[in-house]
Amino acid sequence: GGVPPVIDLALGAAAGCLACVLTNPLEVVKTRLQLQGELQPPGTYPRPYRGVLRAVAAVCRADGLRGLQKGLAAGLLYQGLMNGVRFYCYSCAEDVGWTGYPGGTVAAGAVAGAVGAFVGSPAYLVKTHLQAQTLGAVAVGHQHNHENIWGAFRSIYQQHGVVGLWRGVTGAVPRVAVGSAAQLATFTSARDWVCQHQWFGEGSWAAVLAGGMVSGVAVALTMTPLDVVSTRLYNQPVEADGTGKLYRGFVDCIVQISSREGLLGLYKGIGAVYLRLGPHTVLSLFFWDELRKM
(Lines give C-alpha, C1' and ligand atoms only; values in the text may rest on other atoms or scores of the structure.)
Protein backbone atom coordinates (compact mmCIF):
# COMPACT_ATOMS: atom_id res chain seq x y z
CA GLY A 1 0.00 0.00 0.00
CA GLY A 2 0.97 3.63 -0.51
CA VAL A 3 3.08 2.98 -3.61
CA PRO A 4 1.79 4.30 -6.98
CA PRO A 5 1.17 1.58 -9.61
CA VAL A 6 3.83 3.06 -11.94
CA ILE A 7 6.44 2.70 -9.18
CA ASP A 8 5.21 -0.84 -8.52
CA LEU A 9 5.87 -1.65 -12.19
CA ALA A 10 9.56 -0.77 -11.79
CA LEU A 11 9.90 -2.37 -8.35
CA GLY A 12 8.12 -5.56 -9.45
CA ALA A 13 10.42 -5.84 -12.45
CA ALA A 14 13.51 -5.39 -10.28
CA ALA A 15 12.28 -7.92 -7.70
CA GLY A 16 11.57 -10.55 -10.38
CA CYS A 17 15.01 -10.07 -11.92
CA LEU A 18 16.81 -10.42 -8.59
CA ALA A 19 14.95 -13.65 -7.85
CA CYS A 20 15.59 -14.94 -11.39
CA VAL A 21 19.38 -14.78 -11.00
CA LEU A 22 19.19 -17.22 -8.08
CA THR A 23 16.57 -19.61 -9.47
CA ASN A 24 17.51 -19.73 -13.18
CA PRO A 25 19.55 -22.99 -12.84
CA LEU A 26 16.34 -24.80 -11.86
CA GLU A 27 14.63 -23.30 -14.92
CA VAL A 28 17.32 -24.81 -17.15
CA VAL A 29 16.91 -28.23 -15.48
CA LYS A 30 13.11 -28.00 -15.66
CA THR A 31 13.17 -27.20 -19.38
CA ARG A 32 15.42 -30.18 -20.16
CA LEU A 33 13.31 -32.58 -18.08
CA GLN A 34 10.08 -31.40 -19.74
CA LEU A 35 11.48 -31.88 -23.26
CA GLN A 36 13.05 -35.27 -22.55
CA GLY A 37 11.24 -38.12 -24.33
CA GLU A 38 8.90 -35.77 -26.21
CA LEU A 39 5.94 -37.73 -27.67
CA GLN A 40 7.64 -41.08 -26.95
CA PRO A 41 6.17 -43.84 -24.75
CA PRO A 42 7.82 -44.21 -21.32
CA GLY A 43 10.87 -46.49 -21.31
CA THR A 44 11.55 -46.23 -25.05
CA TYR A 45 14.05 -43.35 -25.05
CA PRO A 46 17.43 -42.54 -23.48
CA ARG A 47 17.28 -40.41 -20.32
CA PRO A 48 20.34 -38.18 -19.94
CA TYR A 49 18.45 -36.28 -17.24
CA ARG A 50 17.23 -38.37 -14.28
CA GLY A 51 15.80 -36.27 -11.49
CA VAL A 52 16.80 -32.78 -10.44
CA LEU A 53 20.23 -33.46 -8.90
CA ARG A 54 21.41 -35.77 -11.68
CA ALA A 55 20.09 -33.30 -14.24
CA VAL A 56 22.15 -30.52 -12.65
CA ALA A 57 25.24 -32.75 -12.89
CA ALA A 58 24.44 -33.63 -16.53
CA VAL A 59 24.10 -29.96 -17.46
CA CYS A 60 27.43 -29.16 -15.78
CA ARG A 61 29.20 -32.02 -17.58
CA ALA A 62 27.85 -30.98 -20.98
CA ASP A 63 27.94 -27.19 -20.71
CA GLY A 64 30.08 -26.42 -17.66
CA LEU A 65 28.91 -24.42 -14.64
CA ARG A 66 27.91 -21.58 -16.97
CA GLY A 67 25.40 -23.95 -18.53
CA LEU A 68 23.25 -23.63 -15.41
CA GLN A 69 22.70 -19.97 -16.29
CA LYS A 70 21.76 -20.53 -19.93
CA GLY A 71 19.06 -18.16 -21.11
CA LEU A 72 19.64 -15.88 -18.13
CA ALA A 73 19.45 -12.66 -20.19
CA ALA A 74 16.13 -13.76 -21.71
CA GLY A 75 14.94 -14.90 -18.28
CA LEU A 76 15.75 -11.49 -16.80
CA LEU A 77 13.91 -9.78 -19.65
CA TYR A 78 10.90 -12.05 -19.12
CA GLN A 79 10.83 -11.56 -15.35
CA GLY A 80 11.19 -7.80 -15.76
CA LEU A 81 8.33 -7.56 -18.25
CA MET A 82 6.04 -10.16 -16.69
CA ASN A 83 6.45 -9.22 -13.03
CA GLY A 84 6.54 -5.50 -13.73
CA VAL A 85 3.21 -5.67 -15.54
CA ARG A 86 1.81 -8.20 -13.03
CA PHE A 87 2.59 -6.08 -9.97
CA TYR A 88 1.40 -2.95 -11.78
CA CYS A 89 -1.98 -4.51 -12.63
CA TYR A 90 -2.35 -5.92 -9.12
CA SER A 91 -1.48 -2.54 -7.60
CA CYS A 92 -4.15 -0.91 -9.82
CA ALA A 93 -6.68 -3.49 -8.60
CA GLU A 94 -5.76 -2.61 -5.01
CA ASP A 95 -6.15 1.10 -5.67
CA VAL A 96 -9.68 0.73 -7.04
CA GLY A 97 -10.68 -1.63 -4.22
CA TRP A 98 -11.19 -4.84 -6.23
CA THR A 99 -9.05 -6.90 -3.84
CA GLY A 100 -11.39 -6.03 -0.98
CA TYR A 101 -14.21 -8.17 -2.39
CA PRO A 102 -14.49 -11.92 -1.60
CA GLY A 103 -12.19 -13.74 -4.01
CA GLY A 104 -10.93 -10.42 -5.33
CA THR A 105 -7.32 -11.15 -4.43
CA VAL A 106 -7.30 -14.41 -6.37
CA ALA A 107 -9.14 -12.94 -9.36
CA ALA A 108 -6.87 -9.89 -9.46
CA GLY A 109 -3.81 -12.13 -9.22
CA ALA A 110 -5.01 -14.36 -12.06
CA VAL A 111 -5.83 -11.43 -14.37
CA ALA A 112 -2.61 -9.62 -13.54
CA GLY A 113 -0.63 -12.82 -14.18
CA ALA A 114 -2.34 -13.41 -17.52
CA VAL A 115 -1.62 -9.88 -18.74
CA GLY A 116 1.99 -10.13 -17.58
CA ALA A 117 2.44 -13.49 -19.31
CA PHE A 118 1.14 -12.09 -22.59
CA VAL A 119 3.50 -9.10 -22.48
CA GLY A 120 6.51 -11.23 -21.56
CA SER A 121 5.76 -14.13 -23.93
CA PRO A 122 8.44 -13.32 -26.58
CA ALA A 123 11.15 -13.32 -23.91
CA TYR A 124 9.91 -16.66 -22.54
CA LEU A 125 9.96 -18.10 -26.06
CA VAL A 126 13.62 -17.16 -26.52
CA LYS A 127 14.49 -18.29 -22.99
CA THR A 128 13.09 -21.75 -23.69
CA HIS A 129 15.01 -22.06 -26.97
CA LEU A 130 18.31 -21.05 -25.36
CA GLN A 131 17.90 -23.27 -22.29
CA ALA A 132 17.15 -26.32 -24.44
CA GLN A 133 20.33 -25.89 -26.51
CA THR A 134 23.19 -28.22 -25.62
CA LEU A 135 25.59 -30.84 -27.00
CA GLY A 136 24.06 -33.45 -29.30
CA ALA A 137 24.74 -36.34 -26.92
CA VAL A 138 22.44 -34.93 -24.23
CA ALA A 139 20.18 -32.78 -26.43
CA VAL A 140 16.42 -33.08 -25.87
CA GLY A 141 13.65 -31.46 -27.87
CA HIS A 142 14.15 -29.42 -31.02
CA GLN A 143 17.47 -27.54 -31.18
CA HIS A 144 17.04 -24.01 -32.57
CA ASN A 145 20.77 -23.20 -32.44
CA HIS A 146 20.57 -19.48 -31.70
CA GLU A 147 23.87 -17.70 -31.07
CA ASN A 148 22.52 -15.38 -28.36
CA ILE A 149 19.34 -13.65 -27.18
CA TRP A 150 19.39 -10.91 -29.81
CA GLY A 151 20.22 -13.35 -32.57
CA ALA A 152 17.23 -15.42 -31.45
CA PHE A 153 14.85 -12.45 -31.57
CA ARG A 154 16.19 -11.41 -34.98
CA SER A 155 15.93 -14.93 -36.43
CA ILE A 156 12.35 -15.47 -35.22
CA TYR A 157 11.24 -12.04 -36.43
CA GLN A 158 12.86 -12.44 -39.86
CA GLN A 159 11.26 -15.86 -40.40
CA HIS A 160 7.79 -15.34 -38.93
CA GLY A 161 7.30 -11.64 -38.22
CA VAL A 162 5.84 -10.09 -35.09
CA VAL A 163 3.25 -12.87 -34.74
CA GLY A 164 6.05 -15.43 -34.52
CA LEU A 165 7.37 -13.76 -31.38
CA TRP A 166 4.10 -14.60 -29.61
CA ARG A 167 4.07 -18.26 -30.69
CA GLY A 168 3.12 -20.43 -27.70
CA VAL A 169 1.35 -17.64 -25.83
CA THR A 170 -1.81 -19.79 -25.63
CA GLY A 171 0.08 -22.02 -23.21
CA ALA A 172 1.75 -19.21 -21.27
CA VAL A 173 -1.35 -17.21 -20.33
CA PRO A 174 -3.29 -20.03 -18.59
CA ARG A 175 -0.04 -21.25 -16.99
CA VAL A 176 0.67 -17.97 -15.23
CA ALA A 177 -2.99 -17.20 -14.52
CA VAL A 178 -3.56 -20.56 -12.79
CA GLY A 179 -0.20 -20.45 -11.01
CA SER A 180 -0.71 -16.89 -9.79
CA ALA A 181 -4.25 -17.61 -8.57
CA ALA A 182 -3.21 -20.83 -6.80
CA GLN A 183 -0.24 -19.11 -5.22
CA LEU A 184 -2.27 -16.20 -3.85
CA ALA A 185 -5.01 -18.56 -2.67
CA THR A 186 -2.64 -20.76 -0.65
CA PHE A 187 0.48 -18.77 0.25
CA THR A 188 -0.90 -16.68 3.13
CA SER A 189 -2.86 -19.56 4.69
CA ALA A 190 0.16 -21.88 4.38
CA ARG A 191 2.44 -19.31 6.05
CA ASP A 192 -0.06 -18.82 8.90
CA TRP A 193 -0.43 -22.60 9.30
CA VAL A 194 3.33 -22.96 9.70
CA CYS A 195 3.34 -20.27 12.39
CA GLN A 196 0.35 -21.77 14.22
CA HIS A 197 2.23 -25.06 14.51
CA GLN A 198 5.18 -23.07 15.93
CA TRP A 199 7.67 -24.37 13.39
CA PHE A 200 9.11 -20.88 13.08
CA GLY A 201 8.61 -17.50 14.73
CA GLU A 202 5.78 -15.23 13.64
CA GLY A 203 6.95 -12.78 10.98
CA SER A 204 10.32 -14.48 10.37
CA TRP A 205 11.51 -15.08 6.80
CA ALA A 206 12.04 -18.73 7.71
CA ALA A 207 8.27 -18.91 8.26
CA VAL A 208 7.64 -17.14 4.94
CA LEU A 209 9.97 -19.54 3.12
CA ALA A 210 8.35 -22.57 4.77
CA GLY A 211 4.92 -21.20 3.88
CA GLY A 212 6.11 -20.76 0.31
CA MET A 213 7.29 -24.36 0.13
CA VAL A 214 4.00 -25.66 1.57
CA SER A 215 2.05 -23.47 -0.84
CA GLY A 216 4.37 -24.67 -3.61
CA VAL A 217 2.85 -28.17 -3.39
CA ALA A 218 -0.57 -26.88 -4.48
CA VAL A 219 0.92 -24.57 -7.10
CA ALA A 220 3.18 -27.29 -8.55
CA LEU A 221 0.31 -29.77 -8.83
CA THR A 222 -1.95 -27.27 -10.62
CA MET A 223 0.65 -25.49 -12.73
CA THR A 224 3.09 -28.20 -13.88
CA PRO A 225 0.84 -29.67 -16.63
CA LEU A 226 0.38 -26.17 -18.07
CA ASP A 227 4.11 -25.55 -17.67
CA VAL A 228 4.94 -28.67 -19.68
CA VAL A 229 2.47 -27.67 -22.43
CA SER A 230 3.90 -24.16 -22.49
CA THR A 231 7.50 -25.43 -22.85
CA ARG A 232 6.51 -27.82 -25.66
CA LEU A 233 4.57 -25.16 -27.60
CA TYR A 234 7.41 -22.67 -27.30
CA ASN A 235 10.17 -25.09 -28.29
CA GLN A 236 8.53 -27.07 -31.13
CA PRO A 237 9.84 -26.66 -34.70
CA VAL A 238 7.57 -24.73 -37.05
CA GLU A 239 6.64 -24.68 -40.71
CA ALA A 240 7.44 -21.75 -43.02
CA ASP A 241 4.00 -20.26 -42.29
CA GLY A 242 4.60 -20.41 -38.52
CA THR A 243 2.35 -23.39 -37.72
CA GLY A 244 3.76 -25.98 -35.35
CA LYS A 245 5.11 -29.24 -36.74
CA LEU A 246 4.25 -31.22 -33.59
CA TYR A 247 1.25 -29.51 -31.99
CA ARG A 248 -1.63 -27.57 -33.53
CA GLY A 249 -2.31 -25.69 -30.31
CA PHE A 250 -2.94 -25.84 -26.57
CA VAL A 251 -5.59 -28.57 -26.50
CA ASP A 252 -3.86 -30.69 -29.15
CA CYS A 253 -0.65 -30.55 -27.11
CA ILE A 254 -2.42 -31.84 -23.98
CA VAL A 255 -4.10 -34.63 -25.95
CA GLN A 256 -0.89 -35.75 -27.66
CA ILE A 257 1.17 -35.77 -24.48
CA SER A 258 -1.52 -37.70 -22.57
CA SER A 259 -2.03 -40.29 -25.31
CA ARG A 260 1.64 -40.89 -26.16
CA GLU A 261 3.47 -40.29 -22.89
CA GLY A 262 0.68 -41.05 -20.43
CA LEU A 263 -0.82 -38.66 -17.88
CA LEU A 264 2.49 -38.58 -16.00
CA GLY A 265 4.01 -36.99 -19.09
CA LEU A 266 2.17 -33.82 -18.08
CA TYR A 267 4.11 -33.82 -14.81
CA LYS A 268 7.63 -34.06 -16.20
CA GLY A 269 9.99 -31.79 -14.31
CA ILE A 270 7.62 -31.36 -11.35
CA GLY A 271 10.54 -31.74 -8.92
CA ALA A 272 12.37 -28.78 -10.45
CA VAL A 273 9.11 -26.79 -10.66
CA TYR A 274 8.44 -27.35 -6.95
CA LEU A 275 11.99 -26.66 -5.77
CA ARG A 276 11.99 -23.39 -7.73
CA LEU A 277 8.52 -22.19 -6.64
CA GLY A 278 9.09 -21.66 -2.92
CA PRO A 279 12.40 -19.77 -3.12
CA HIS A 280 11.34 -17.78 -6.21
CA THR A 281 8.03 -16.76 -4.62
CA VAL A 282 9.64 -15.73 -1.35
CA LEU A 283 12.58 -13.96 -2.99
CA SER A 284 10.30 -12.04 -5.37
CA LEU A 285 8.00 -10.94 -2.55
CA PHE A 286 10.93 -10.18 -0.23
CA PHE A 287 12.75 -8.01 -2.79
CA TRP A 288 9.48 -6.33 -3.80
CA ASP A 289 8.58 -5.56 -0.17
CA GLU A 290 12.06 -4.24 0.66
CA LEU A 291 12.18 -2.08 -2.47
CA ARG A 292 8.75 -0.66 -1.63
CA LYS A 293 9.95 0.25 1.87
CA MET A 294 13.00 2.00 0.41
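One can find the structure itself at the top, above this paragraph.
This is a predicted model, so every value here is computed, not measured.

Glancing now at the pattern of salt bridges. Considering all chains together, one arrives at 10 salt bridges under this definition. E27 is paired through a salt bridge with K127; the nearest N and O atoms lie 2.7 Å apart. Taken as a pair, E27 in helix α1 (residues 5-35) and K127 in helix α4 (residues 104-132) lie far apart in primary sequence, 100 residues in all. K127 sits in the buried class, given a relative accessible area of 2%. The residue D63 makes a salt bridge to K70 at a minimum N-O spacing of 3.5 Å. Assessed through its relative accessible area of 22%, D63 is described here as partly exposed. If you follow the salt bridges from partner to partner, you end up with E27, K30, K127, R175, D227 and R276 in one network.

Estimated volume of the largest pocket: approximately 970 Å³. Along the walls of the largest pocket sit 45 residues, with R86, Q183, L184, T281 and L285 positioned nearest its centre. Secondary structure elements with two or more residues in the lining of the largest pocket: α1, α3 (72-95), α4, α6 (169-196), α7 (205-235) and α9 (270-293). Examining the composition of the lining of the largest pocket, we find that 11 residues originate from one element, α6, more than from any other.

Time to look at a nonpolar patch on the surface. Taken together, the side chains of L77, L81, V111, V115, F118, V119 and W150 make up a nonpolar region of the molecular surface, amounting to roughly 600 Å² of accessible area. Per element, the largest residue contribution to the nonpolar patch is 4 residues, and it comes from α4. Positionally, F118 belongs in helix α4. Residue F118 is classed as partly exposed on the basis of its relative accessible area, which comes to 44%.

Within the secondary structure, L11 sits in helix α1. Separated by 33 residues in sequence, L11 and T44 have C-alpha atoms that sit 47 Å apart. Non-local contacts of L11, meaning those with residues more than four positions away in its chain, are made with V3, W288, L291 and R292.

Definitions and limits used
Counting starts from 1 at the beginning of each chain's written sequence and moves along it residue by residue. Reporting in this predicted model follows two pLDDT cut-offs: at least 70 for local features of residues, and 80 or more for side-chain atom pairs to be given and counted; totals over whole chains, interfaces and linings ignore these cut-offs and use all residues. As a rule here, side-chain values come from all non-hydrogen atoms in the structure, and water together with hydrogens is ignored. Criterion for a salt bridge: a side-chain nitrogen of Lys or Arg within 4 Å of a carboxyl oxygen of Asp or Glu. Note on conventions: DSSP H or I runs of at least 4 residues are helices, E runs of at least 2 residues are strands, and numbering of each starts at the N terminus. Only protein chains enter the accessibility calculation, which uses a 1.4 Å probe; a residue whose area is less than 20% of its type maximum is buried, one above 50% is exposed, and one in between is partly exposed. Definitions used for this entry: grid spacing 1 Å over protein atoms alone; cavity, a set of points where a 1.4 Å probe fits but cannot get out; pocket, an open set with protein on both sides within 12 Å along at least 5 of 7 lines; lining residue, one with an atom within 4 Å of a point. Grid points are joined across faces, edges and corners, and a volume is the space filled by probe spheres set on the points. Like-charged residues are merged into a patch within 9 Å and nonpolar side chains (Val, Leu, Ile, Met, Phe, Trp, Tyr) within 5 Å, provided each residue has over 30% relative accessible area and no salt bridge. Using a 1.4 Å probe, accessible areas were evaluated by the Shrake-Rupley method; residue-level cover was limited to the displayed protein chains. Residues count as neighbours in contact if any of their non-hydrogen atoms are within 4.5 Å of one another.

Note that every value here comes from positions in space, so none of it alone points to a role or purpose.
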